[in-house]
Amino acid sequence: MEKRIVLLGSGELGKEFVIACKRLGQYVVAVDSYANAPAMQVADAYEVINMLDGLALDVVIAKHRPDIIVPEIEAIRTERFYHYEQQGIQVVPSAKAANFTMNRKAIRDLAAIDLNLKTAEYRYATSEASLRAAVAEVGMPCVVKPLMSSSGKGQSVIKSQNDISKSWQYAVEGSRGDLVEVIVEAFIDFDYEITLLTVTQQNGPTLFCAPIGHRQERGDYQESWQPMPMLEQQLREAEQMAAKVTEALGGAGLFGVEFFISKTAVYFSELSPRPHDTGMVTLAGTQNLNEFELHARAVLGLPINEIQLLKKGASAVILAAADSNSPRFEGIDAALSVPNSDIRLFGKPTSRPYRRMGVALVYGDLDKEIEYITSQAKRVAARVSVVG
Ligand SMILES: Nc1ncnc2c1ncn2[C@@H]1O[C@H](COP(=O)(O)OP(=O)(O)O)[C@@H](O)[C@H]1O
Ligand SMILES: [Mg+2]
């Protein structure tokens, strides 16, 4: 049952997804805005286009006639997905899921208003003046995020009236697209945050992975670990919320559902309708199927009988320090001399400061301390440097 898959976005997450698909005998065309992107290196074919250009997307879809379209990023002309779905092409997980999550407003209103999930108090603003009014209603401190942005771009925390003006400017500069609107959220003083990988199936129940803890810095995750120890009751609450929101979005695939957890509450934050970067921890062999294998099976309609946590694990990112057109890695020998370690080097053709170039992975038995495993993953990552 070879299917033709067009993957939109060809980064490190796409690369692992392609590998999972190739192991299941599928044909994959990897698409991105630059040549030699990580997923293109392992795919059957590739296309270089601007994925925000609907016409360019149409040309690629008409040329490759895919059975399945798998988005890997948000910055795509996702409105076209409804049209592709009408043509009988499977859009992953669904055209609705891709469209609702490419703009923070649609998914937040769906979760908070339609589904009545607990979220941070929030308002929207389209100008500095309306931001000022929104801040007055939500209270300080609060977090400002462009509706269309990812990886923390344009995000800032407002602590006093004096911050409002520069926060608006920063959001304008970090916005994707020309229409600028922001969401203003009450700052949640959470104890920790998690990603709950949730798998919806064509013919089977919704399944959950063990919760993944992570630490964010500059808008990107630095380390993630699985499982995040948490109260059983709060985990059940998060699972129920994840089941509701993924059901409302429809389709089959793996979602990364993000929550903030405090002593007294579980807050829905946002979700990715596809593998999540913090979920790369599953590449450490923590589960019977990693997040990319789960996504591939769900998308192809193949059965997933259960998701088992086999080991504890942690991931730590390997970042570049400088701009380069020929980045190389040093220190891999020393890194892999750490017990129970592994590494993924993405093969990105260029580097810039803080660009994620690889990830260090460490696993351990279920009776090991998760803090220890995480510190070992950081040690592995620290031994690798990106030069050139
Ligand atoms: N309301 C909030 N209160 C506290 N921290 C927040 C809030 N919103 C976001 N953050 C922090 O910022 C990170 C990135 O925010 P998020 O909404 O997930 O945006 P992105 O789409 O860039 O991942 C979160 O993982 C969390 O650490
Ligand atoms: Mg996030």
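These numbers come from a predicted model, not from an experiment. (Residues numbered from 1 in each chain as written. Chains lettered and ligands numbered in written order. Predicted model: local features only at pLDDT ≥ 70, side-chain atom pairs only at ≥ 80, totals over all residues.)

Draft legend 1. Spotlight on the domain arrangement of the protein. Domain parsing of the protein yields domain 1 (4-91), domain 2 (121-186) and domain 3 (192-387). The straight-line distance from the C-alpha centre of domain 1 to that of domain 3 is 22 Å. Facing 15 residues of domain 1, the contacting portion of domain 3 comprises 14 residues. Breaking the side of domain 1 that touches domain 3 down by element, the ones donating at least two residues are α1 (12-23) and β4 (68-71). Element by element, the count of residues in the side of domain 1 that touches domain 3 is highest for α1, at seven residues. Looking at side-chain class alone, the side of domain 1 that touches domain 3 contains nine nonpolar, two polar and four charged residues. (Domains from an automatic or database assignment. Contact = placed C-beta atoms within 7 Å. Helix = DSSP H or I, 4+ residues; strand = E, 2+ residues; numbered from the N terminus. Nonpolar A, V, L, I, M, F, W, Y, C, P; charged D, E, K, R; others polar.)

Draft legend 2. Just the packing of helix α6 (residues 128-138) against helix α7 (residues 164-173), in detail. Viewed as axis vectors pointing N to C, α6 and α7 meet at an angle of 120°, and their least axial separation amounts to 10 Å. Relative to α7, the element α6 is oriented oblique. At the point where α6 passes α7, the crossing takes the right-handed sense. Facing α6, whose interface residues are E128, L131, R132 and V135, α7 presents I164, S165 and W168. (Axes fitted to C-alpha atoms, helices over the stretch in contact; angles between N-to-C directions. Parallel < 35°, antiparallel > 145°, perpendicular 65-115°, else oblique. Left-handed = near helix turned anticlockwise from the far one by under 90°.)

Draft legend 3. Structural view of α7. By the burial criterion, the buried members of α7 are I164, S167, W168 and A171. Each buried residue of α7 sits inside an arc of 100° when the element is viewed along its axis, so together they form one side. Facing away from the buried side of α7, by more than 90 degrees, are the exposed residues S165, K166 and E173. (Buried ≥ 20, exposed ≤ 12 C-beta atoms within 10 Å, placed from the backbone. Arc of directions from axis to C-beta.)

Draft legend 4. Here's a closer look at helix α8 (residues 232-249). Taking 1.5 Å as the rise per residue, α8 with 18 residues should run 26 Å; its terminal C-alpha atoms sit 26 Å apart, in good agreement. Those residues of α8 that sit buried are L235, A238, M241, A242, V245, T246 and L249. Along the long axis of α8, the arc covered by the buried residues comes to 125°, so they all point the same way. Along α8, exposed side chains directed more than 90 degrees from the buried face belong to E232, Q233, R236 and Q240. Tucked into the core, α8 has its buried residues touching α4 (95-101), α5 (104-114), β10 (192-201), β11 (204-208), β14 (253-261) and β15 (266-272). Taken from the residues just after α8, G250 is the one with a positive phi, measuring 80°. (Expected span 1.5 Å × (residues − 1).)

Draft legend 5. Region of the structure containing the pairing of strand β12 (residues 212-217). Relative to β12, β10 runs antiparallel, the two sharing two bridges. Paired with I194 across the two strands is G213, which belongs to β12. Summarising the sheet, β12 and strand β13 (residues 220-226) pair through five bridges and their orientation is antiparallel. Each bridged residue has a counterpart across the sheet, and for H214 the counterpart in β13 is S224. In this antiparallel pair of consecutive strands, β12 and β13, the connection spans two residues, and R218 shows a positive phi of 55°. (Pairing = 2+ DSSP bridges.)

Draft legend 6. Here's a closer look at the packing of α1 against helix α9 (residues 291-300). As a packed pair, α1 and α9 sit with axes 8 Å apart at the nearest point and diverge in direction by 55°. Here α9 runs oblique to α1, going by the angle between their axes. For the pair α1 and α9, the crossing hand works out as right-handed. Along the contact surface, α1 presents E16, F17, A20 and C21, while α9 presents F292, E293, H295 and A296.

Draft legend 7. The arrangement of the environment of A20 in detail. Along the chain, A20 turns up in helix α1. For the pair A20 and E293, spaced 273 residues apart in sequence, the C-alpha separation works out to 5.2 Å. Those residues in contact with A20 that sit more than four places away from it in its chain are F292, E293 and A296.

Draft legend 8. Up close: the sheet that holds strand β7 (residues 142-146). If you walk across this open sheet you meet the four strands as β6-β9-β7-β8, and the pairing is antiparallel. Two strands lie at the open edges of the sheet, namely β6 (122-125) and β8 (156-158), each paired on one side alone. The sheet shows a mean angle of 30° between the axes of neighbouring strands, direction not considered. In this sheet, β8 lies alongside β7 in antiparallel orientation, the contact comprising three bridges. Following the sheet pairing, V144 is matched in β8 by S156. Lying over the sheet, α5 contacts β6, β7 and β9 (182-186), oriented at roughly 40° with respect to β9. Sheet strands in contact with α7 are β7, β8 and β9, and its direction is about 160° off that of β8.

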